[in-house]
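# Results of the structural survey
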Amino acid sequence: MEQTPPVVLLQAVQKSFPLHQGRDLQVLDIPQLAISVGSYTVVQGPSGSGKTTLLNLIAGITMPTSGHIRVSGTDMTSLPEPQRDRFRAAYIGYIFQTFNLLAPFTAVENVMLAMLFAQTIPKREQRQRAVEILSRLGLSTRLAHRPAQLSRGEQQRVAIARALANDPPVLLADEPCASLDAATAQVVLMALHAMCRESHKTVLIVAHDTAALEGADQVLEMRDINRVTGRPDGVDRV
Amino acid sequence: MSLYSIAWKYIWGRLLASALTALSVALGVSLILATFLLTRGIRASFIVGATDYSLLVGAKSNPTQLVLGTIFRMDVATPNMPYSVYEQLHDDVRVERAVPVALGDAYQGFRYVGTTIDYFAAAPWRRKTFAVAVGRLWDETPPEQPTYEALLGAEVAQRTGLRLGDAFYEGEEMAEYPLTVVGILRPTYSADDRTIFFSLASFWGMNEVARNAAVKPLTTVLVRPKRLSDLPNLHREFNVNPETQAVLPSAVLLTIFNLLSVAEEVLRFVLEAVVLVVLLYLFVALYSAMLERRREIATMRALGARRLTVLLIVLLEACFIALLGGLAGLVGGHGMAALGAHLLSQRGGLALAPFTVSALQPLLLAGVTLLGGCAGLLPAVLAYRTEVAENLAPLS
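All figures in this text were calculated on a predicted structure; none of them were measured in a lab.

Definitions and limits used
- Residues numbered from 1 in each chain as written.
- Chains lettered and ligands numbered in written order.
- Predicted model: local features only at pLDDT ≥ 70, side-chain atom pairs only at ≥ 80, totals over all residues.
- Heavy atoms only, no water.
- Contact = heavy atoms within 4.5 Å.
- Buried area = accessible area lost by both parts, 1.4 Å probe.
- Salt bridge = Lys/Arg side-chain N within 4 Å of Asp/Glu carboxyl O.
- Polar contact = N/O pair within 3.5 Å; in protein donor to acceptor, adjacent residues only side chain to side chain.
- Helix = DSSP H or I, 4+ residues; strand = E, 2+ residues; numbered from the N terminus.
- Pairing = 2+ DSSP bridges.
- Disulfide = S-S within 2.5 Å.
- Domains from an automatic or database assignment.
- Nonpolar A, V, L, I, M, F, W, Y, C, P; charged D, E, K, R; others polar.
- Patch = residues over 30% accessible without salt bridge, like charges linked within 9 Å, V, L, I, M, F, W, Y side chains within 5 Å.
- Areas by Shrake-Rupley, 256 points an atom, 1.4 Å probe, with all protein chains shown as cover.
- Buried < 20%, exposed > 50% of the residue type's maximum accessible area, 1.4 Å probe, protein only.
- Axes fitted to C-alpha atoms, helices over the stretch in contact; angles between N-to-C directions.
- Parallel < 35°, antiparallel > 145°, perpendicular 65-115°, else oblique.
- Left-handed = near helix turned anticlockwise from the far one by under 90°.

Of the residues lining the interface, 23 residues belong to chain B; the matching set on chain A comes to 27 residues. Taken together, both faces of the contact between chain B and chain A bury some 2400 Å²; the carbon and sulfur share is 63%. Considering only the surface of chain B that becomes buried against chain A, Met1(B), Lys9(B) and Leu303(B) emerge as the three largest contributors, covering 32% of it. Taken together, the connections running from chain B to chain A amount to 4 salt bridges. A salt bridge links Glu109(A) to Lys9(B); the nearest nitrogen and oxygen atoms lie 2.9 Å apart. Our enumeration of links across chain B and chain A arrives at 10 residue pairs in polar contact (both at pLDDT 80 or more). Elements that contribute at least two residues to the side of chain B that touches chain A include exactly helix 1 (3–13), helix 10 (294–302), helix 11 (307–348) and helix 14 (388–392) of chain B. It is helix 10 of chain B that provides the largest number of residues to the side of chain B that touches chain A, a total of 6 residues.

Have a look at this one:
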């Protein structure tokens, strides 16, 4: 049987940040990491271990010092920045720990913004689609509300809707439940899980919460600051 | 959603700050427009008023005072000269038209002017045209049969409420000689709108000294020679005369304009400073907004917005604020000009048109929008250069 190529593939990826006096601080060293299509992957590790950097690298927000990153078959590292931005808008949905909704815009407009930047959905369909996604996430009565008028749980659901706006194959979530209470966090995790299963999306989630591990296809543990290692309990080793 | 609506939302999201910034732009634009309209209006008003007649003949006094008093009803009237000067000019073959003018008191601040109906006669060389809106001109009568019929300038009628047939006078001593309104002029947008005209016979009849004097007094004679080449001779002859002086209004105009130029130059420096301050204010406002909004810009970038897109959003925001300020400034500028025109008309006898629309307004609007864009350039570059990962980090 033919094996499906991984939707995310990191090869010999290193990331360093420049320090004073010409020295660099290496925060990531990943010989190889493959994430398969439709999988639900949880990234764990102590603070400063490079979890957010890993997501930023996959999203093309940060460029690796060396190595290659492929998403849906496209080598992100070889794309010029404008194309990388466009690619990210269309292929990657990013959910932030602090939601990062844009304050002057309503829930619908926040979702539509993602479509505006990606330019993959016709303009006349954007509002309709934003309303549909928000309604699916139980926010049909909150469409015209601004972030400040929404609860934290609702804000995070708007952020999820925004990440789904362009129907991207890959969803990256950076500690999406860190600012939420346990009950709301459970709702958000279930929503992400459902997306993964029903819409066959690849979800990569950074989470401290053990609840996030439930149903995970693979768990990546970032053990120390310089490299990524898998856990020896039968999940994955990278 | 479009980039325009994003920029607009950000302006709306910081309503107070945006309104204050737009207000500063509006003030700058208002000052520029009002200054331009007023200085241009003052010049135009002087030109229209002072260039119909090439020569003014009056008693020996200050030439500027003669021109300002006779044409603009400013300043105090110059001393009188005998009526015979007018007769001499009227009979002079070199003169096409001579119009006698006698400046008198005032009714509710509107100057009395005794003259002949020639004052209102049209001529191909006249810039100013007179037309009676209602009623008629007065009947010319000999000096011993004054009719006390008055013709009101448009503003006089409007401000005093006098109508056809109304009799009026100012001061108990004048109750014996009330003037009766027989006509109201259409607006001429000059000092004549603020003048009450009547015949010389009425003028002399109302004046106790003139009434009984054998030699009737006159303030000025407006002179238009048939040929321009006769002007120097006429000018010289009446200046040599020990009782009279002849003044070229254009020469006085030049003196006034020279004085105006100095004032305009000072104003220009002030306005340049105002523009600079407004631009700085706009820049600081946008710059601080960008610093506050770095996280949102980083989020937009993470959502796929290109650097150029965020740069355009900030530039559009700057241009919108400048445009709004510019529009408000145009309204404010005309308002200021109207106020200035009102003051000038009341105190200076100049009638300005403060609502004149020309290419200036669209040019000013385009200029201010462009300058707004320039002020927003650095903040826009700041947005352009925003480091995404750095600014997406959770706030501690």
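Anyway, onward from the coordinates.
Residues and elements named next belong to chain A. As paired strands, strand 1 (residues 8–18) and strand 4 (residues 66–71) are joined by 5 bridges and run antiparallel to one another. Paired with Gln14 across the strands is Ser66, a residue of strand 4. Sheet topology places strand 4 next to strand 5 (residues 74–75); 2 bridges connect them, and they run antiparallel. Counted as the bridge partner of Arg70 is Asp75 from strand 5.

In total, this model carries 0 disulfides over all chains according to the counting rule given. Cys374(B) takes part in no disulfide bond, and the closest cysteine sulfur to it belongs to Cys319(B), at a distance of 8.4 Å.

Residues and elements named next belong to chain B. What the domain assignment lists for chain B is domain 1 (3–47 + 255–391) and domain 2 (55–247). Here domain 1 and domain 2 have C-alpha centroids that lie 47 Å from each other. With 11 residues of domain 1 at the contact, the number on the domain 2 side is 10 residues. Roughly 910 Å² of surface becomes buried between domain 1 and domain 2 when both sides are summed, with 59% attributable to carbon and sulfur atoms. Inspection of the domain 1/domain 2 interface yields 0 salt bridges. The tally of links between domain 1 and domain 2 comes to 0 residue pairs in polar contact (both at pLDDT 80 or more). Elements represented by at least two residues in the side of domain 1 that touches domain 2 include exactly helix 2 (15–50) and helix 11. Residue composition of the side of domain 1 that touches domain 2, grouped by class: 5 nonpolar, 6 polar and no charged.

The next subject is a nonpolar patch on the surface. Residues and elements named next belong to chain B. On the surface, a nonpolar cluster with roughly 640 Å² of combined accessible area is contributed by Leu16, Leu20, Leu23, Leu27, Leu31, Tyr281 and Met336. At 5 residues, the largest contribution of residues to the nonpolar patch is made by helix 2. Mapped onto the fold, Leu20 is located in helix 2.

Let us now look at the sheet that holds strand 2 (residues 24–35) of chain A. Sheet architecture is open: 4 strands sit in the order 2-1-4-5 (chain A), paired in antiparallel fashion. The open sheet is flanked by strand 2 and strand 5 of chain A, the only strands paired with a single partner.

One pass over the full model with this rule turns up 21 salt bridges over all chains. Between Glu154(A) and Arg142(A) there is a salt bridge, and its shortest N-O distance comes to 3.0 Å. In this pair, Glu154(A) is assigned in helix 5 (residues 152–164) and Arg142(A) in the loop between helix 4 (123–136) and helix 5, connecting sequence segments 12 residues apart. On the accessibility criterion, Glu154(A) (13% relative accessible area) is buried. Under the relative-accessibility criterion, Arg142(A) is labelled partly exposed at 27%. The partner of Arg94(B) in a salt bridge is Glu237(B), with the nearest N and O atoms 2.8 Å apart. Note that Arg94(B) is positioned in the loop between helix 4 (84–91) and strand 3 (95–107) and Glu237(B) in helix 8 (residues 231–240), a separation of 143 residues in sequence. The class for Glu237(B) is partly exposed, based on a relative accessible area of 38%. Residues joined by salt bridges that share partners form a network here, namely Glu81(A), Asp85(A), Arg88(A), Arg301(B) and Arg307(B).

It is worth spelling out the side chain of Asn110(A) at this point. Along the chain, the position of Asn110(A) falls in helix 3 (residues 107–118). Leave out the neighbours within four places in its chain, and Asn110(A) touches Leu101(A), Leu102(A), Phe105(A), Pro147(A), Val158(A) and Arg162(A).

So, on to the environment of Pro18(A). All names here are of chain A. Within the secondary structure layout, Pro18 lies in strand 1. Accessibility expressed as a relative area gives 66% for Pro18, which makes it exposed. As for Pro18 and Ser78, which are separated by 60 residues in sequence, their C-alpha atoms are 22 Å apart. The contact partners of Pro18, leaving out residues within four places of it in the chain, are Arg23 and Asp24.

We now examine the packing of helix 5 of chain A against helix 6 (residues 182–198) of chain A. Residue and element names in this part refer to chain A. At a closest axis distance of 10 Å, the pairing of helix 5 and helix 6 adopts a crossing angle of 15 degrees. Relative to helix 6, the element helix 5 lies roughly parallel. Handedness of the helix 5/helix 6 crossing: right-handed. Here Gly153, Gln156, Ile160 and Leu164 of helix 5 come into contact with helix 6, specifically with Thr184, Val188, Leu192 and Met195. A per-class count over the contact of helix 5 with helix 6 returns 5 nonpolar, 3 polar and no charged.

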